[in-house]
Amino acid sequence: MHRHEKIWLTLSTAMIVGFFLIAGYQTFALEMGPPSHSETIDPQKVDEIEPFDEPGVYEVGENKYEVVMTLQIFSFTPNEIEIPAGSEVTFTMTSKDVTHGFQIAGTNVNAMVMPGYISKITQTFNEPGEYLVLCNEYCGAGHQMMSTTITVK
Amino acid sequence: MGIAKLEDAKSSQSLPITKPESRLYMSFIHVAFISLLIGGLMGLLQTLVRSGKFELPWGIDYYQILTVHGVILGLVLTTYFIIGFHFALMGKTVGISEKQRKVTWLAFWVMVVGTIMTATTILLGEASVLYTFYAPLRAHPAFYIGLALVIIGSWVAGFVNWRQLYVWKKQNPGVKSPLAAFMVTINTLLWFIASLGVAAAVLIQFIPWSLGYAETINVLVSRTLFWYFGHPLVYFWLLPAYMAWYLVIPKIIGGKIFSDSLARMSFVLFLFFSIPVGFHHQLTEPGVDPTWKFIQVVLTFMVVIPSLMTAFSLFATFEITGRKKGYGGLFGWFKHLPWKDVRFLAPFIGMLAFIPGGAGGIINASHQMNAVVHNTIWVTGHFHLTVATTVILTFFGITYWLVPHLTGRKLTPQLNKLGIVQAIIWTVGMTIMSGAMHIVGLFGAPRRSSYSEYGGTEQASEWIGYQLAQAVGGTILFIGILLMIYIFVKLTFFAPKGEEEFPIAEEEEDAEPTPAFFENWKLWIAITIALILFAYTIPFVDIIQNSPPGSKPFDFPIGR
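Sequence order as written defines the numbering, with residues in each chain counted from 1. Chain letters start at A and ligand numbers start at 1, both assigned in the order the entries are written. Predicted model: local features are reported for residues with pLDDT of at least 70 only, side-chain atom pairs are reported and counted for 80 or more only, and whole-chain, interface and lining totals are derived from all residues. As a rule here, side-chain values cover all heavy atoms of the structure and leave hydrogens and water aside.

### Focus on the overall build of chain A
Here is the rule we go by: Helical segments are the DSSP runs of H or I of at least four residues, strand segments are the runs of E of at least two, and each set is numbered from the N terminus. For the radius of gyration, the atoms used are the C-alpha atoms, and the globule rule reads 2.2 Å times the number of residues raised to 0.38. Residue exposure (1.4 Å probe, protein chains only): buried if accessible area is under 20% of the type maximum, exposed if over 50%, otherwise partly exposed. Computed with the Shrake-Rupley method and a 1.4 Å probe, the accessible areas treat only the protein chains shown as cover for residues. Residues scored as positive are Lys and Arg, those scored as negative are Asp and Glu, and His as well as the terminal groups of each chain are ignored. To locate a charge, take atom NZ for lysine, CZ for arginine, CG for aspartate or CD for glutamate.
Tallying secondary structure elements over chain A gives one helix and ten strands in all. Mapped in sequence order, the helices and strands of chain A form the string α-β-β-β-β-β-β-β-β-β-β. Over its C-alpha atoms chain A spans a radius of gyration of 20 Å, topping by over 25% the 15 Å that the globule rule assigns to 153 residues. Along the three orthogonal principal directions, the C-alpha set of chain A runs to about 65 × 35 × 30 Å. Across the 153 residues in chain A, those meeting the buried criterion constitute 52%. When the accessible surface of chain A is totalled, it reaches about 6,900 Å², and 52% of it is carbon and sulfur. Mean positive and mean negative side-chain charge positions of chain A (7 and 19 charges, respectively) differ by 13 Å.

### Quick look at the packing of aromatic side chains
All names here are of chain B. Note the threshold: When two rings of Phe, Tyr or Trp (its six-membered ring) have centres within 6.5 Å they constitute a pair, described as stacked for plane angles under 30 degrees, edge-to-face for angles over 60, and tilted for the intermediate range.
As enumerated under the stated definition, the model contains 69 aromatic pairs over all chains in all. The interplanar angle of 70 degrees and the centroid separation of 6.4 Å between the aromatic rings of tyrosine 131 and phenylalanine 226 together place this pair among those described as edge-to-face. One end of the pair, tyrosine 131, is in the loop between helix 3 (98–123) and helix 4 (141–171); the other, phenylalanine 226, is in helix 6 (residues 219–252), and 95 residues separate them in sequence. Across the pair, exposure class does not vary: tyrosine 131 and phenylalanine 226 are buried alike. The interplanar angle of 75 degrees and the centroid separation of 5.8 Å between the aromatic rings of phenylalanine 443 and tyrosine 466 together place this pair among those described as edge-to-face. You can see phenylalanine 443 sitting in the loop between helix 13 (413–442) and helix 14 (458–461) and its partner tyrosine 466 sitting in helix 15 (residues 464–494), a full 23 residues away along the chain.

### Concerning the domain arrangement of chain A
What counts is decided by this rule: Annotation comment: domain bounds sourced from an automatic or database domain assignment.
Assigned domains within chain A: domain 1 (1–33) and domain 2 (43–152). Look at where the C-alpha atoms of domain 1 of chain A and domain 2 of chain A centre, and you get two points 35 Å apart.

### Notes on helix 12 (residues 377–407) of chain B
Residue and element names in this part refer to chain B. To be explicit about the condition: Fitting axes to the seven residues that end at a residue and to the seven that start at it, the angle between those axes gives the bend at that residue.
Its maximal kink placed at threonine 399, helix 12 deviates by approximately 35 degrees. A large share of helix 12 lies buried, amounting to 30 of its 31 residues. A positive backbone phi angle near 70 degrees is found at glycine 408, which sits one or two residues after helix 12.

### Some thoughts on the packing of helix 7 (residues 260–273) of chain B against helix 9 (residues 304–324) of chain B
Residues and elements named next belong to chain B. Rules: Only the contacting stretch of a helix is used when fitting its axis, a line to C-alpha atoms as for every element, and angles between N-to-C directions run 0 to 180 degrees. Angles are sorted into four bins: roughly parallel if under 35 degrees, roughly antiparallel if over 145, roughly perpendicular if 65 to 115, and oblique for all others. We call a crossing left-handed when the near helix sits turned anticlockwise from the far one by less than a right angle, and right-handed when that turn is clockwise. Contacts are residue-level and defined by heavy atoms, with any inter-residue pair within 4.5 Å sufficient. Residue classes follow a fixed rule: Ala, Val, Leu, Ile, Met, Phe, Trp, Tyr, Cys and Pro count as nonpolar, while Asp, Glu, Lys and Arg count as charged, and any other residue, Gly among them, counts as polar.
With their axes 9 Å apart at the nearest point, helix 7 and helix 9 run at an angle of 160 degrees to one another. On the basis of their axis angle, the class for helix 7 and helix 9 is roughly antiparallel. Seen from above, helix 7 lies across helix 9 with left-handed handedness. Only Pro306, Ser307, Met309, Thr310 and Ser313 of helix 9 make contact with helix 7, whose side of the interface consists of Leu262, Met265, Ser266, Leu269 and Phe270. Of the residues in the contact of helix 7 with helix 9, the class split is six nonpolar, four polar and no charged.

### Section: the pattern of salt bridges
To be explicit about the condition: When a carboxyl oxygen of Asp or Glu is within 4 Å of a side-chain nitrogen of Lys or Arg, the pair counts as a salt bridge.
Tallied over the full model, the rule gives 19 salt bridges over all chains. When salt bridges with common partners are traced through the structure, they connect Lys169(B), Lys176(B), Asp260(B), Arg264(B), Glu507(B) and Glu519(B) into a single cluster.

### Observations regarding a negative patch on the surface
We apply this condition: By definition, no residue in a patch forms a salt bridge, and every one has over 30% relative accessible area; like charges are joined within 9 Å, nonpolar side chains (Val, Leu, Ile, Met, Phe, Trp, Tyr) within 5 Å.
A cluster of acidic residues, Glu80(A), Glu130(A), Glu458(B) and Glu462(B), forms a negative patch on the protein surface. Take Glu462(B): it is sitting in the loop between helix 14 and helix 15.

### Digging into the domain arrangement of chain B
Residues and elements named next belong to chain B. Here is the rule we go by: Note on terms: buried area is the combined drop in 1.4 Å-probe accessible area of two parts once they are placed together, counting the loss on both.
Entries for chain B in the domain assignment read domain 1 (12–165) and domain 2 (338–504). Between the C-alpha centres of domain 1 and domain 2 the distance comes to 19 Å. Contact residues are listed per partner, giving 36 residues for domain 1 and 37 residues for domain 2. Summing both sides of the interface, domain 1 and domain 2 together bury roughly 3,200 Å²; the carbon and sulfur share of this comes to 77%. The tally of links from domain 1 across to domain 2 stands at zero salt bridges. Of all the secondary-structure elements, those providing two or more residues to the side of domain 1 that touches domain 2 are helix 1 (19–50) and helix 2 (62–93). A per-element tally of the side of domain 1 that touches domain 2 places helix 1 first, with 15 residues. Classifying every residue of the side of domain 1 that touches domain 2 by side-chain character gives 23 nonpolar, ten polar and three charged.

### Some points on helix 9 of chain B
Residues and elements named next belong to chain B. Formally: Expected helix span is taken as 1.5 Å per residue step, with the number of steps being one fewer than the number of residues.
The first and last C-alpha atoms of helix 9 sit 31 Å apart over 21 residues, in line with the 30 Å expected at 1.5 Å per residue. Here helix 9 lies mainly inside the structure; 15 of its 21 residues are buried. The first or second residue beyond helix 9 is glycine 326, which carries a positive phi of 95 degrees.

### Some thoughts on the sheet that holds strand 4 (residues 81–83) of chain A
Residue and element names in this part refer to chain A. Stated formally: A pair of strands is treated as paired once DSSP finds two or more bridges between them.
Taken together, five strands build an open sheet; the order of strands is 4-10-9-6-7 and the sheet is mixed. Of all strands in the sheet, those with a lone pairing partner are strand 4 and strand 7 (110–113), marking the two edges. With strand direction ignored, the average angle separating the axes of adjacent strands in the sheet is 20 degrees. Here two bridges tie strand 6 (residues 100–104) to strand 9 (residues 129–134), and the two strands are oriented antiparallel to one another. Within strand 9, the residue paired with glutamine 103 across the bridge is leucine 134.

### Observations concerning the environment of Ile41(A)
Within the element layout of this structure, Ile41(A) appears in the loop between helix 1 (3–29) and strand 1 (56–61). Spatially, the C-alpha atom of Ile41(A) lies 4.9 Å from that of Gly116(A), the residues being 75 residues apart in sequence. What Ile41(A) contacts, discounting residues up to four positions off in sequence, is Val46(A), Ile49(A), Phe52(A), Thr94(A), Gly116(A), Tyr117(A), Ile118(A), Pro548(B) and Pro549(B).

The following block contains the structure:
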């Protein structure tokens, strides 16, 4: 093999290894990995099963909230959520029909919400303001209408 | 060294392409260019709708044209062009028999029937499910059956390629297979192994379910099978571009192939590492084990290495060729490159686009960083750099010599000039469109969404300017498409008769001989399957064992 080729490939490989070591460290040591909750649910009976029989915003501790949410064509329940600044919010979500996406623009909250599965994702809202929540997986003709807001006061 | 070396082939590499062969290869390329026109028009309409200044007439749905755009450009244009190019390379280097040609015609017609079935369902509004057709949205059964026929036809075409090489090797024992034939075999193997996944999803899950024989569908299994196919699909697009870079570009610049072994090694690595990586499209999904997500992320990073090998090899060829021509200095050799030859310029711009394109790809695959961009229009910007610039500009670069070679015409200086204009228009349009998509994607603007003000929120109002920029870029790109269609029609029907060269480069004289183990196909296939089994067995069994009750079909959300 050519000497320059060896140098090039060594540097390239070192760079790639560096990338996945950093990704691995952040994922496993700092717990920054992508949402991977594994609980399942009968997608035909979401309304009858706890906690989705009563979707809503629940205070679960000091500055800690849980939002139990269902996603359905083409809306979020509950919608227009309000929470105090500095709260840590865990979203517990499932779909009542097709595959949806849950994204809060301007944050790293981004999760697929699929029928049959419960998705969980946690975010701390420090900055007051109005956050746009939108469905980012195509779910049908009204997909672009599927949005709501989270107001942080 | 104890490694057995292969003899170089002397006689082959440049067989004549007969008239009946040309007709066959051109048939595939014709479908590709018809697709370019239709798909490009759909793309233009999408960018106009998203600018908020334009509404589709006659009640046409945004998602209907988006489905046409994705299916016809992502699946139809690419597959037909690639098969046509594969066959031209095989015909040139190892030859084709009459029987093989007839079987290929069968493959072509199976694919055409499938394409028409799928296209009809989309045009009737019965299949606005986008090209990923995620369950439980349900399209008309003919949509899935048509897709299955396209895949089956493409398999038959691939089997013919394997047979061509097999027959050639029988006639040339102990001789190293031509590099072009080796590369085509790798890419058809990659395609076959990968499309088994989507074929399984379509045949076992979607068709019975869409016909009503199965009441429910396992959503996560269908997505996993789709993405088992979906990522190698992009390498199936990319490898023909790499073939042109390794084989054709050196000849056009008056040089030789830097290293036959390096080229073969990079293709083998693509076969290994492009398949066991589908989870990086499913990083934010529930139900997939997080450890296995990360393992597939690591495997995804491995596939960067053969691309970096390719980059080295190409620039080595550029430099060696320049120095041989007497251009000195650290970068003086850069000047010798034939900038005014569109057969070089268009693919070269494609290579440059792959630098930001590849870097963006690493970001997308970077596990937790994926949350920043997943399903945002950044991703759309990304693959418009990779497939819609790198790959397509290289395909255009191939078209400028392949089409006149097959039709017995010449690329005139005037058409060459138009080609250069085309490449520049494309570069400008794509920089604007893809650039705007990348930026606004980082702000959170979603992909695959019709125009929306999202209840008038401030965040979404900041996106509108970028959407206007996308429409400007999209319009410029559509002008580029019209120009390309004009050039294609000229080269096919009107350019002056003559003989256009089929440029395939030879190896450097002092290059190291290629080791014999490169011909050990059983080994490459075994390693590929072992890697797939390693990456998928445990998480896939886990997905099936922990499956929720299935999902019933949904027709009304897509207006059925």
